[in-house]
Amino acid sequence: MKISSLSKEDALRQLVSSENGLSEAEAAKRLSENGLNEISAVARTPLFLKFLGQFTHFLAILLWIGAGLSFLSAYLHPGEGMSTLGGAIIGVILINAVFTFIQEFRAEKALEALKKLLPMYVQTIREGVEKEIPAREIVPGDIIMLAEGDMIPADARLIESSTLKVNNASLTGESEASLRDHMPAQDELLESPNIVFAGTAVTSGSGKALVFATGMGTEFGRIAHLTSAVEPSLSPLQKEIVKATRLVATIAALVGIFFFGLGLFIGRSFWENFIFAIGITVALIPEGMLPTVTLSLAMASQRMAKRKALIKSLSSAETLGCVTVVCTDKTGTLTQNRMTASKIWKDDQVIDARDHGLLAGDMLLQTALLCNNARFAENEYKGDPTEAALLKLGRESIGGISSQRIAEIPFDSERKRMTTLCKVADIGYVFTKGAMESILPLCSRSLVGGAQQQMDDMFRQKATEACHQLMDMGLRVLAFAYKEYKGQGDRDKGTGKEILHAADPQSLEADLVFAGLIGLEDPPRPEVPDAIRKCHAAGIKVIMITGDGSRTALAIAREIELVRGEAVVVEGTEFMKMDDGELRKKLAAKELIFARMTPKHKMRVVSILQEEGERVAVTGDGVNDAPALKKADIGISMGVAGTDVAKEAADMILLDDNFATIVSAVEEGRAVYENIRKFITYIFTSNIPEAVPYLAYILLKIPLPLTIMQILAVDLGTDMLPALALGTERPTPSVMKQPPRSRDKRLLDFSVISRAYLFLGPIEAVACMFGFFYVMYEGGWHWGTMLQPDNILYMQATTACLTAIVISQAGNVFACRSSGESVFGLGLLKNRMIFMGIGFELCLQLFIVYTPWGNSIFSSAPISLHIWLILLPFAFLLFFADELRKTLTRS
Ligand code: ATP
């Protein structure tokens, strides 16, 4: 029999379970039999295929053509060294493939590790006790508790439900949430209203369910089997790099053709020209750029995770860097969500909530206690912090009250109130609490000095003023009301006692007695004012969107310096009446607060901001926040207070729910973009000293100062690690002092290209040509004399030329640590990776210059120490020239 058609008892029996759940021993046994409740990763592209892919992309194909042509010419024209070149190009392809593969693999692993940081937990009942366990440990027979916002961890049969609605979109494509119940049904499993499925989410209500399938046995698991996994798509920045690399490669090929033509024009042999053309093309192609960018983004996401911001894709790392507006919740994000009852208003006076003596036997506190879902267990107050604070106040003032709850209309952020129907000492009561605007209109009487009075306008005015007074202190104010409830007159046949039925919400919540106000204090997080200041300096606007009243919001906003002047405050009711034009005008205000808003409203704010060209980050934690989180450029969910649904919809999860963490993530996002520009500047710089020797060779008719293999030694050897080190630079202070980067700003813009090609590059070119000529002249060379490639003086001179590039690149890596700030201000020794990079660079150079292997591969020869000493000042020259440029451009 299908589990959906069984009664609750039979369903429990079929799975050998009970309402008390499984024992831990039985659960462990079933876990070992069934395996973890996980959708096993669907076969991705196997590693070796990925590795093979490194040999077939655009750049690799260009290089293969180069190698092929070289071997062809070696065959047609032996003895011109073409086969060495062909071999070298294949070496380039190989080194590049291995390097790219390793980097991509590391980036992928880094992202996978991030995913593990946020395990999903499920509320279960085992051995009769409610406990939270990781979703992957759920087994068939487990009883799970479902609440609004939960992702359902496994296929389960409902055994209890209260207005439970589930969104089955991930399974059926049906986006409307459907009502579920726990009664036996005859439908197909997928249509059965008493079944909930793994991978779907609870949009409202609550329930209890019996798990019958886990992991790959679930409907979701079956579908996952059928569809192949989607490979993560490239982020905009990665796409830009792909485009840029292709562009540079094409330019490199054109430069090669140009040199070829030029050589022919001035009468060099065809084969000689051919070698140069291919050599220069290979040298200029920026092979390692894309993997280095990918790895930098992955490392940035790891740094973000260390700072408690978990991003889900590499795209988010860069989008964070261009955020222009942050729309943030107040409670829990700007404040600590550690509520304490601070002030009470009753009998026309404000009293301190710690004066317990004044509160005994109070209906206000009785309402606070019985219109409450928080619990006191294991010496802790658990549940919603607002309610936990009220429970604490009630318990400490009047102790516990024995009562029986008959019905509840749960709190929701639209109605902004909650109501319960309870029996206390055989008398029925309705208790309601919520926002003042939501409660006061429901009351016809008030409690003054313990006696009920008809409510008049004067009382209404006084109560409203008192509410404002408490709100102006930055308190979250809740109003409390109650009434005795007679029921419908039905009596229990056995006992003869009246049975209390909940009538419709309207009559339940009508004609109430106003009992008083309680103001709750929720201190701002201490790090927030500083984070807000950082946002202001960084040109990022912060808009508070809160469910609390405008006065509370404004008081807190002033405290955290979100508002310093005259802020524009828009309340939910006003917001709903505004047309888009009016809202646009409000959104242009410098300091802006939205109060008494519901999550639904956020979506409209985000859309209009985006239409205005802003890049919007928005926070949210509930089910209703999900659409706004999806719509925003960066949806941010809370790691602690957020529901599974919000986490699923978000691009970033704050592990500590803290606003300041958003700012840290933006800082890292900006830094990674800057870092990428830094290493591109660094890599591009060495293209000039690589190209100038060729120009000199052709134009000045001198022996070629730098061989192709030596160029490759720089591009694929000595430059590699220092470039990676630049990718790990910490954010500089100036990163958060500039306005957000514009959407259209290109990575390779004039400032990067001109700095590398017109400033730093030429200095290095002077260094390398100086090194070459110095050794040549010192060895007795005269202008116009051509030397054989195996002439020791010539080999030493090219070695000096290469050494000059390596030495000045060591100065350059320091210079590239910032584009505009003095490196001394950054802390010269701060980035240890730079020193490791330079260490590696020098070791490689020593290998090239002083070992027989190095000499034979790179046609180099040992040079004496004084040559190094003569070239060393170029590193300083380059570094200080750039410092000077920075000083001049700063002032
Ligand atoms: P923020 O958007 O700043 O995080 P929030 O989302 O916590 O605020 P809501 O939870 O929507 O805001 O609360 C809005 C109002 O509803 C509060 O100002 C309070 O008056 C009332 N309220 C909050 N929690 C409860 C509750 N548990 N029961 C009854 N009323 C509540």
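None of the values given here were measured: they were computed from a predicted structure.

## So, the pairing of strand β4 (residues 155-167)
Piece 1. Alignment of β4 against strand β7 (residues 201-213), held across 10 bridges, turns out to be antiparallel. When the bridges of β7 are listed, Lys 165 appears paired with Ser 204.
Piece 2. Here β4 runs beside strand β6 (residues 195-196); their pairing, made up of two bridges, is antiparallel. Residue pairing for β6: Ala 156 is matched across the bridge by Val 196.
Piece 3. When β4 meets strand β5 (residues 178-180), the two strands line up antiparallel, connected through three bridges. Bridge pairing in β5 links Val 166 to Ser 178.

## Digging into the site of the ligand
Piece 1. Looking at the ligand, there are 20 residues lining it, with Thr 331, Glu 387, Arg 476, Thr 546 and Asp 548 nearest.
Piece 2. Between an oxygen atom of the ligand and a side-chain N or O atom of Arg 476, the distance comes to 2.9 Å.
Piece 3. Thr 546 is positioned with one of its side-chain polar atoms (N or O) 2.6 Å from an oxygen atom of the ligand.
Piece 4. Relative to its unbound accessible area of 620 Å², the ligand is 89% covered by the protein chains.
Piece 5. For the shell around the ligand, the elements supplying multiple residues, two or more each, are β16 (427-434) and β19 (476-484).
Piece 6. At three residues, β19 tops the list of elements feeding residues into the shell around the ligand.

## Some details on the environment of Cys 843
Piece 1. With respect to the helices and strands, the residue Cys 843 is situated in helix α31 (residues 832-850).
Piece 2. It is 8.9 Å that separates the C-alpha atoms of Cys 843 and Thr 718, two residues lying 125 residues apart in sequence.

## What to know about the pattern of salt bridges
Note on pairing: side chains with opposite charge can pair once their charged atoms come close.
Piece 1. On inspection of all chains with the given rule, the structure shows 41 salt bridges.
Piece 2. The salt bridge partner of Asp 511 is Arg 445, with a shortest N-O separation of 3.9 Å. You can see Asp 511 sitting in the loop between α16 (505-508) and β20 (512-521) and its partner Arg 445 sitting in strand β17 (residues 443-448), a full 66 residues away along the chain.
Piece 3. When the shortest N-O distance is used, the salt bridge between Glu 561 and Arg 533 registers 3.2 Å.

## Focus: the domain arrangement of the chain
Piece 1. Split into domains, the chain comes out as domain 1 (3-35 + 120-213), domain 2 (310-336 + 524-657), domain 3 (340-521) and domain 4 (671-891).
Piece 2. Relative to domain 3, the C-alpha centre of domain 2 lies at a distance of 31 Å.
Piece 3. Listed per partner, the contact involves 14 residues of domain 2 and 13 residues of domain 3.
Piece 4. In terms of surface lost to domain 3, no three residues of domain 2 exceed Arg 551, Thr 552 and Arg 596, which account for 49% of the buried area on that side.
Piece 5. On the surface where domain 2 and domain 3 come into contact, there are eight residue pairs in polar contact (both at pLDDT 80 or more).
Piece 6. Tallying contributions element by element places helix α18 (residues 550-559) first for the side of domain 2 that touches domain 3, with four residues.
Piece 7. For the side of domain 2 that touches domain 3, the residue count by class is four nonpolar, five polar and five charged.

## Quick look at the UniProt feature "transmembrane region" (unreviewed entry) in the chain
Piece 1. According to UniProt, the feature "transmembrane region" (unreviewed entry) maps to residues 58-76, 82-102, 247-268, 274-298, 747-773, 793-814, 834-853 and 865-881 in the numbering used here.
Piece 2. As annotated, residues 58-76 comprises 100% helix and 0% strand, and the C-alpha atoms at either end are separated by 27 Å.
Piece 3. As annotated, residues 834-853 comprises 95% helix and 0% strand, and the C-alpha atoms at either end are separated by 27 Å.

Reading the values: the criteria
- Residues numbered from 1 in each chain as written.
- Predicted model: local features only at pLDDT ≥ 70, side-chain atom pairs only at ≥ 80, totals over all residues.
- Heavy atoms only, no water.
- Pairing = 2+ DSSP bridges.
- Helix = DSSP H or I, 4+ residues; strand = E, 2+ residues; numbered from the N terminus.
- Near = heavy atom within 4 Å.
- Polar contact = N/O pair within 3.5 Å; in protein donor to acceptor, adjacent residues only side chain to side chain.
- Areas by Shrake-Rupley, 256 points an atom, 1.4 Å probe, with all protein chains shown as cover.
- Salt bridge = Lys/Arg side-chain N within 4 Å of Asp/Glu carboxyl O.
- Domains from an automatic or database assignment.
- Contact = heavy atoms within 4.5 Å.
- Buried area = accessible area lost by both parts, 1.4 Å probe.
- Nonpolar A, V, L, I, M, F, W, Y, C, P; charged D, E, K, R; others polar.
- UniProt positions renumbered as here; feature names shortened; annotations may be inferred.

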